[in-house]
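Overview (structure and organization)
Residue strings, one per chain:
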Amino acid sequence: MDTLNHPMVWQGMGMVIGVYGLGYWWASYNPMRHWPIVAVGFLGKIFGPLGFIFNYLNGDVPFEFIYTLITNDFVWWIPFYLILRKVHKDYKWQLT
C-alpha cells in the first residue's frame, strides 16, 4: 500500500478511535444499561471487515491487511454479541 500523507485523515481517525474508547469505557461499567454504545461498537466491528472486503476486491488493499482485523474486529464479535444477546433476552432492548 502507498503511504498516506494526509494528516487530516489520521487526525480524524484518532478522534474517532478516542471517542469510541471513551464510549467503551463508560459502557464497561454497566454494558446492559449502556447497550446502545455496545451496539454501535458491534456495528463498527462488522462494517470494518466489510469495508476491507470491498477495498480488497477493488484492488485498493492487499490481502495481508486482513491480519489487522483479527485483533481489531473479529475478537470483539464474541463479547459484543453475548452482551447484545443478553440484552435481547433479559431486557427486550429497553433503554432503562
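Scope of this entry: the structure provided in the associated data block. (Residues numbered from 1 in each chain as written. Predicted model: local features only at pLDDT ≥ 70, side-chain atom pairs only at ≥ 80, totals over all residues. Heavy atoms only, no water.)

Bringing a nonpolar patch on the surface into the picture now. A contiguous nonpolar surface patch, about 720 Å² in accessible area, is contributed by Leu43, Phe47, Leu50, Ile53, Tyr56, Leu57 and Phe63. Mapping Ile53 onto the fold places it in helix α2 (residues 35-57). Residue Ile53 is classed as partly exposed on the basis of its relative accessible area of 44%. (Patch = residues over 30% accessible without salt bridge, like charges linked within 9 Å, V, L, I, M, F, W, Y side chains within 5 Å. Areas by Shrake-Rupley, 256 points an atom, 1.4 Å probe, with all protein chains shown as cover. Salt bridge = Lys/Arg side-chain N within 4 Å of Asp/Glu carboxyl O. Helix = DSSP H or I, 4+ residues; strand = E, 2+ residues; numbered from the N terminus. Buried < 20%, exposed > 50% of the residue type's maximum accessible area, 1.4 Å probe, protein only.)

This brings us to the packing of α2 against helix α3 (residues 66-91). In the contact formed by α2 and α3, the axes pass within 9 Å of each other and the chain directions differ by 145°. Every pair of crossing elements has a handedness; the one defined by α2 and α3 is left-handed. Across the interface between the two elements, Trp35, Val38, Ala39, Gly41, Phe42, Gly44, Lys45, Ile46, Pro49 and Phe52 of α2 pack against Ile66, Leu69, Asn72, Asp73, Phe74, Trp76, Trp77, Phe80, Tyr81, Ile83, Leu84 and Val87 of α3. Its residues placed into classes, the contact of α2 with α3 shows 17 nonpolar, three polar and two charged. (Axes fitted to C-alpha atoms, helices over the stretch in contact; angles between N-to-C directions. Left-handed = near helix turned anticlockwise from the far one by under 90°. Contact = heavy atoms within 4.5 Å. Nonpolar A, V, L, I, M, F, W, Y, C, P; charged D, E, K, R; others polar.)

Attention shifts here to the pattern of salt bridges. Under the criterion given, the structure shown has two salt bridges. Lys45 serves as the salt-bridge partner of Asp73, at 4.0 Å between the closest nitrogen and oxygen. Of this pair, Asp73 sits in helix α3 while Lys45 is found in helix α2, placing the two residues 28 residues apart along the sequence. Per residue, the accessibility class of Asp73 equals that of Lys45, and both read buried. Note that Asp90 is salt-bridged to Lys86, the shortest N-O span being 2.5 Å. Of this pair, Asp90 and Lys86 both sit in helix α3, separated by four residues, roughly a single helical turn.

Our focus in this paragraph is the packing of aromatic side chains. For the coordinates displayed, the defined rule picks out 11 aromatic pairs. Plain terms: the ring middles of Tyr20 and Tyr24 are 5.8 Å apart, the flat faces sit at 75° to each other, and that makes the pair edge-to-face. Here Tyr20 and its partner Tyr24 are both found in helix α1 (residues 7-28), four residues apart, which amounts to about one turn of the helix. The class of Tyr24 is partly exposed, set by a relative accessible area of 26%. Arranged with centres 6.5 Å apart and planes meeting at 75°, the rings of Phe42 and Phe80 form a pair that is edge-to-face. Here Phe42, found in helix α2, pairs with Phe80, found in helix α3; they are 38 residues apart in sequence, far enough to count as distant. Each member of the pair Phe42 and Phe80 is classed as buried. Connected via pairs of aromatic rings, a cluster forms that spans Tyr20, Tyr24, Phe42, Trp76 and Phe80. (Phe/Tyr/Trp six-rings, centres within 6.5 Å; stacked < 30°, edge-to-face > 60°.)

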